[in-house]
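Residue-level structure breakdown
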Amino acid sequence: MLKSVLIITSSAGGGLLQAAVAQEQHVAIQSPCVKIVKRDVLKDWVWGWLGKFCIESWNRAQKNGDVRIQKFFVSFHRLFDYIAWPNVFVHTLSTLFKEDVDRVIDTQTTSTSAIMKAIRCFNWWRSKHIVLEKLVSLQEKFSNYD
C-alpha cells in the first residue's frame, strides 16, 4: 500500500504543470489516504535566481510565440542538466528520505539522470523497489495538406 507519492514537475511551460495536476488527481482518486508531495525542479531544487530566470524566460517566449528564444533554451538543455545535476540529485534524495516515498512520477524534462540516480541510491539504502514513472507528452504539429 502506498504511503507517499512524489510528483516532480516544472513551472516552465503550462503543460508540465497540467500533467502533474492530472497525475495528482488520479493518485488521489486511486488512493485517497496517500500523501502526495509535489516538487518543482526549477522553483524548489535549482538555485532560486537561475530557476526563476528559466521559468520567466521560457514562459515569456511561449506567450510571445518566440520560437528563436525557445530553440536557444533547448540548445542549452544538456549544459543545464550538467550544471544542475548535483543540486537536483541532493534535493531528490533528501526528499525521498524525508517523505519516505513509495512512488515517483516525473512530468518535466530536465535532470532525469540525477533523479534516477537518487532513486537508485534510495532503493539501495531502504531496500525498496521504486521506479521512475516518466510522463512525456509529444505534441505534433501538422501543416495544412491540400
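Another point: the overall build of the protein chain. Within the protein chain, the regular secondary structure consists of six helices and four strands. What you see in the protein chain, going N to C, is helices and strands ordered as β-α-β-α-α-α-α-β-α-β. Each principal axis of the C-alpha atoms in the protein chain carries an extent, and together these give about 55 × 35 × 25 Å. Evaluated residue by residue, the protein chain yields a buried proportion of 40% over its 146 residues. Taken as a whole, the protein chain presents about 9,500 Å² of accessible surface, with 58% of it coming from carbon and sulfur. Averaged over its 19 positive side-chain charges, the protein chain has a centre that lies 4 Å from the centre of its 13 negative ones.

Moving on to the sheet that holds strand β3 (residues 103–106). Pairing in this open sheet of four strands is parallel, and the strands run β2-β1-β3-β4 from one edge to the other. Each end of this open sheet is capped by a strand with a single partner; those strands are β2 (35–40) and β4 (132–134). On average, each strand axis in the sheet is tilted by 20° relative to the strand beside it, whichever way the strands run. Contacts from helix α5 (residues 77–99) reach β1 (4–9), β2 and β3, with the element oriented near 165° to β2.

The next subject is the packing of α5 against helix α6 (residues 112–126). Here α5 crosses α6 at 35°, and the two axes come no closer than 8 Å. Along this stretch, α5 crosses α6, giving a crossing that reads as right-handed. Touching W85, V88, F89, T92, L93, L96 and F97 of α5 are S113, A114, I115, K117, A118, I119, C121, F122, W125 and R126, all from α6. When grouped by side-chain class, the residues that make up the contact of α5 with α6 number 13 nonpolar, two polar and two charged.

Reading the values: rules and limits
- Residues numbered from 1 in each chain as written.
- Predicted model: local features only at pLDDT ≥ 70, side-chain atom pairs only at ≥ 80, totals over all residues.
- Heavy atoms only, no water.
- Helix = DSSP H or I, 4+ residues; strand = E, 2+ residues; numbered from the N terminus.
- Buried < 20%, exposed > 50% of the residue type's maximum accessible area, 1.4 Å probe, protein only.
- Areas by Shrake-Rupley, 256 points an atom, 1.4 Å probe, with all protein chains shown as cover.
- Lys, Arg positive; Asp, Glu negative; His and termini not counted.
- Charge placed at Lys NZ, Arg CZ, Asp CG, Glu CD.
- Pairing = 2+ DSSP bridges.
- Axes fitted to C-alpha atoms, helices over the stretch in contact; angles between N-to-C directions.
- Contact = heavy atoms within 4.5 Å.
- Left-handed = near helix turned anticlockwise from the far one by under 90°.
- Nonpolar A, V, L, I, M, F, W, Y, C, P; charged D, E, K, R; others polar.

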